[in-house]
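Inside the fold
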Amino acid sequence: MTDARPILKVTDLDVRYGAVTAASGVSLEVRKGEIVALLGPNGAGKTSVLKAIMGLNKQANGVVEYFDGTKTHRIDKMETHEMAKLGIANIPSSEIVLPRMNVEENLEVGGRFLYSDMSFVRKRMDELFMRFPILRERRKQAAATLSGGEQRQLAVARGLMCEPKLMLLDEPSLGLAPILLRDLFATLKRIRDEFGVEMLIVEQNVNKALEIADRAYVMRIGSIDFHGPAKEVAASERLRDAYLGS
Amino acid sequence: MQFGFLVEQVLIGIATGAIYAIIAVGLNLIFGTMNVLNMAHGSAIMIGSFGVLLSYYVGVENFWIGCAVGIVLAFLTGLLVERVAVRPMKGNWWNTKIATIGMAFVLENLVTVITEGRPQLYPRPFNPVYYVVYGDIKTPGGTLIEISNIQLMLIALSILMVVGMVLFLYRTATGKAIRVVAQSPDIARCVGIDVKRTIVVGFAVSATLAGIAGILNGVTFGSTYSFIGFQLILKGIVVLIVAGIGNMRGCLWVGMLLGVIESLSVGLGESTYRDFIAYSGMVLVLVFRPWGLFGEEGRVQREV
């Protein structure tokens, strides 16, 4: 029954900014092989929850557990840089790439601080350049000069450098043109299918997220309104209510 | 004006400019990692220079042991500044700046009390030997250019330190971590970098450089005093701004340029204009190239 054990389990998470409550009583889980979407209108608290899971927001309370295949770790009190070593790739949305380093360095940074063996890091970089040919073309270019779509690809590729078991993505589609957005989501789905990387994605673009997700949670004013398989959520009236308010 | 005299002034300028360059490189390192101007950098300069005197005072009259004492004390000053005036400010730009200024005043006034504010004579690592570079010492009135072994040491050390710093930042894992933290602390955390530790390392390295600069300055001028740090940090800031924040090699060139300009204006009998020339040059650069001579355009919009 190990398969039933969730990869990520969040129980009763509260996030506060001073006196303001951004999220309360949030519980969710990501099971083996799943892409899970965390949806909701602006200000519902999705990003606050994700940042709290990533350890980037220290004013959060609740239990966050991560199962790496053999052992369960409590990660809610853990520093973000220690989580990277457990195989959790965090891809924040505020700062996507390191602007003054070139594409190659950006990628190298994803593995350099986790593996002492540089030849392994290089091998991994070559593999990822095969998978993201546009990045290989631009490998000597400063990351700041890449287009928005290329920067998102670079951020995902950097996350993959650590051979993650779980990826946490904050609004990967932010600022992307529709065609690039489709490419990026196809890439994410392929990564899940080929590498078996579970994902938790916070997303504004509800339709696109529900196309690739297996399950979805919908947040509304700081707590989980409802959740279920992506298809059911997509068809549900409550989803429209959450966004339009009723 | 004799040609030989001019060349000598340029050489002296390069040697003092080298000290400015080392100071600017240290400031640059902290500006790079924390996006903060460490106003207590001057204290590490001053404490480094007084470390040598301290070891003489307690009876260890060996210049090189004194250097080691000075560098260790400067290193500890860096750790102290980070712990007391930087970390508790939690990244707030203005608070950090004010706290580091306060820290500088505390340390520099402490040393003023101990030394009763008097300038102190500085020991020399070895007796100066002057080498004739050009001309003949036996021809009176002929063109003669000399350089001392101490000046040569200053120039060599500063180049070595800037090159070392560039290698450290671009080739070592710790240096890379510092550059990643400088560009995005969040990404740094996400790729497994211990940001807190990296900042401490940055301060320690920076303060060590400051200590070395303080010692070199003492050797150059034959004396030191408790507010030497305030005087030198201003030069360091000028160099940093003119070179362009974030650029190490630029600090080397601009530091030496500033040293040469100063030494020429003194040598030509215009010593009252020394600072006027240096600072108006800085203002001109800021007007026409706000990102500095060697800096990257766009970087300037990042802070404040």
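All of these numbers come straight from a predicted model, not from anything done at the bench.

A word on the overall build of chain A
If you tally the helices and strands in chain A, you get 10 helices and 10 strands. Here the C-alpha atoms of chain A give a radius of gyration of 18 Å, agreeing with the 18 Å that 2.2 N^0.38 yields for 246 residues. With the C-alpha coordinates of chain A rotated into their principal frame, the extents come out at 50 × 40 × 40 Å. Counting only contacts in chain A whose residues sit at least 6 apart along the sequence, the fraction spanning at least 24 positions is 65%. Measuring between centres, the 35 positive side-chain charges of chain A sit 1 Å from its 33 negative side-chain charges.

Overview of the environment of Tyr-131 of chain B
Mapped onto the elements, Tyr-131 of chain B comes out in strand E2 (residues 130–134). Leave out the neighbours within four places in its chain, and Tyr-131 of chain B touches Ile-145, Glu-146, Ile-147, Asn-149 and Leu-152 of chain B.

With respect to the packing of aromatic side chains
Considering all chains together, one arrives at five aromatic pairs over all chains under this definition. Between Tyr-115 of chain A and Phe-120 of chain A the ring centres are 4.7 Å apart and the planes differ by 55 degrees, which places this aromatic pair in the tilted class. Taking relative accessible area as the criterion, Tyr-115 of chain A reaches 22% and is therefore assigned partly exposed. Of the residues examined, Phe-120 of chain A reaches a relative accessible area of 23% and is grouped as partly exposed. With centroids separated by 5.1 Å and ring planes inclined at 50 degrees, the aromatic side chains of Phe-105 of chain B and Phe-230 of chain B adopt a geometry described as tilted. Linking Phe-105 of chain B in helix H4 (residues 93–115) with Phe-230 of chain B in helix H9 (residues 228–243), this pair joins segments that are 125 residues apart in sequence. Joined through ring pairs, the aromatic side chains of Phe-105, Phe-227 and Phe-230 of chain B make up one cluster.

Considering helix H4 (residues 118–131) of chain A
Residue and element names in this part refer to chain A. Over its 14 residues, H4 runs 20 Å from end to end, which matches the ideal 20 Å to within 8%, given 1.5 Å per residue. Buried within H4 we find Val-121, Arg-124, Met-125, Leu-128 and Phe-129. Along the axis of H4, the buried positions cluster into a sector of 140 degrees, meaning they face one direction only. Facing away from the buried side of H4 by over 90 degrees, the exposed positions are Lys-123 and Met-130. Looking at the buried positions of H4, the neighbouring elements they touch are helix H3 (103–112), helix H5 (133–137), helix H6 (148–160) and helix H7 (178–195).

Section: the interface of chain B and chain A
Think of interface size as the accessible area that goes away when the parts come together; that is how it is often given. Taken residue by residue, the interface counts 21 residues in chain B and 23 residues in chain A. Both sides of the chain B and chain A interface together cover about 2100 Å² of buried area, and 59% of this is carbon and sulfur. Among the residues chain B hides against chain A, the three largest losses belong to Gln-183, Ile-187 and Cys-190 of chain B. Together they make up 31% of the total. Linking chain B with chain A are two salt bridges. For the salt bridge of Glu-105 of chain A with Arg-179 of chain B, the shortest nitrogen-to-oxygen distance reads 3.1 Å. Between the two partners, chain B and chain A, sit four residue pairs in polar contact (both at pLDDT 80 or more). For the side of chain B that touches chain A, the secondary structure elements donating two or more residues are helix H6 (173–183) and helix H7 (185–190) of chain B. Its residues placed into classes, the side of chain B that touches chain A shows eight nonpolar, four polar and nine charged.

Focus on the sheet that holds strand E8 (residues 198–202) of chain A
Residue and element names in this part refer to chain A. Taken in spatial order, the six strands of this open sheet run E6-E7-E8-E3-E9-E10, and their pairing is mixed. The open sheet terminates on both sides in strands that have one partner only, identified here as strand E6 (88–91) and strand E10 (223–229). On average, adjacent strands in this sheet sit at an angle of 15 degrees to one another, irrespective of strand direction. Direction of pairing for strand E3 (residues 35–39) relative to E8: parallel, over a ladder of four bridges. Bridge pairing links Leu-38 to Val-202 in E8.

Topic: the pattern of salt bridges
Applying the stated rule across the entire model yields 21 salt bridges over all chains. Across the pair Asp-193 of chain A and Arg-192 of chain A runs a salt bridge, and its minimum N-O distance is 2.9 Å. Here Lys-235 of chain B makes a salt bridge to Glu-262 of chain B, at a shortest N to O gap of 2.7 Å. A residue pair is termed long-range when its members are at least 10 positions apart, and Lys-235 of chain B in helix H9 and Glu-262 of chain B in helix H10 (residues 248–267) qualify at 27 residues. Shared partners join several salt bridges into a network, and the residues in it are Arg-74, Asp-76 and Lys-77 of chain A.

Some remarks on the environment of Ala-209 of chain A
Mapped onto the elements, Ala-209 of chain A comes out in helix H8 (residues 206–212). Discounting residues that sit within four places of it in the chain, Ala-209 of chain A has contacts with Ala-37, Leu-39, Phe-185 and Glu-203 of chain A.

Focus: the packing of helix H5 (residues 149–171) of chain B against helix H8 (residues 195–221) of chain B
Residue and element names in this part refer to chain B. Axis separation between H5 and H8 bottoms out at 11 Å; the angle between their running directions is 170 degrees. Of the possible angle classes, the one that applies to H5 and H8 is roughly antiparallel. Every residue of H8 that contacts H5 at Ile-150, Met-153, Leu-154, Leu-157, Met-161, Met-165 and Phe-168 is listed here: Val-205, Leu-209, Ile-212, Leu-216, Val-219 and Thr-220.

Considering unusual backbone geometry
With the exception of glycine, the majority of residues adopt a negative phi angle, and the majority of peptide bonds are in the trans configuration. Residue and element names in this part refer to chain A. Residues other than glycine seldom take positive phi values, yet Glu-171 does so here, at roughly 45 degrees. Note that Glu-171 resides in the loop between strand E7 (166–170) and H7. Even without a glycine there, the phi angle at Ile-221 is positive, about 30 degrees. Tracing the sequence through the fold places Ile-221 in the loop between strand E9 (215–220) and E10. The exposure class assigned to Ile-221 is exposed, which follows from its relative accessible area of 79%.

Quick word on H3 of chain A
Residue and element names in this part refer to chain A. Counting buried residues in H3 gives 10 out of 10 residues, a clear majority hidden from the surface. Every buried residue belonging to H3 is among Val-103, Glu-104, Glu-105, Asn-106, Leu-107, Glu-108, Val-109, Gly-110, Gly-111 and Arg-112, and all of these are buried. Looking at where H3 begins, the residue whose side-chain oxygen comes 3.1 Å from the main-chain nitrogen of Glu-104 is Asn-102.

A few points about the packing of H10 of chain B against helix H11 (residues 274–288) of chain B
Residues and elements named next belong to chain B. It is at 8 Å that the axes of H10 and H11 come closest, and there the two elements cross at 150 degrees. Of the two elements, H10 crosses H11, and the hand of that crossing is right-handed. Each of Leu-258, Ile-261, Glu-262, Ser-265 and Val-266 in H10 lies in contact with H11, whose residues at this interface are Arg-274, Asp-275, Ile-277 and Ala-278. For the contact of H10 with H11, the residue count by class is five nonpolar, one polar and three charged.

How each quantity is defined
- Residues numbered from 1 in each chain as written.
- Chains lettered and ligands numbered in written order.
- Predicted model: local features only at pLDDT ≥ 70, side-chain atom pairs only at ≥ 80, totals over all residues.
- Heavy atoms only, no water.
- Helix = DSSP H or I, 4+ residues; strand = E, 2+ residues; numbered from the N terminus.
- Rg over C-alpha atoms; globule rule 2.2 N^0.38 Å.
- Contact = heavy atoms within 4.5 Å.
- Lys, Arg positive; Asp, Glu negative; His and termini not counted.
- Charge placed at Lys NZ, Arg CZ, Asp CG, Glu CD.
- Phe/Tyr/Trp six-rings, centres within 6.5 Å; stacked < 30°, edge-to-face > 60°.
- Buried < 20%, exposed > 50% of the residue type's maximum accessible area, 1.4 Å probe, protein only.
- Expected span 1.5 Å × (residues − 1).
- Arc of directions from axis to C-beta.
- Buried area = accessible area lost by both parts, 1.4 Å probe.
- Salt bridge = Lys/Arg side-chain N within 4 Å of Asp/Glu carboxyl O.
- Polar contact = N/O pair within 3.5 Å; in protein donor to acceptor, adjacent residues only side chain to side chain.
- Nonpolar A, V, L, I, M, F, W, Y, C, P; charged D, E, K, R; others polar.
- Pairing = 2+ DSSP bridges.
- Axes fitted to C-alpha atoms, helices over the stretch in contact; angles between N-to-C directions.
- Parallel < 35°, antiparallel > 145°, perpendicular 65-115°, else oblique.
- Left-handed = near helix turned anticlockwise from the far one by under 90°.

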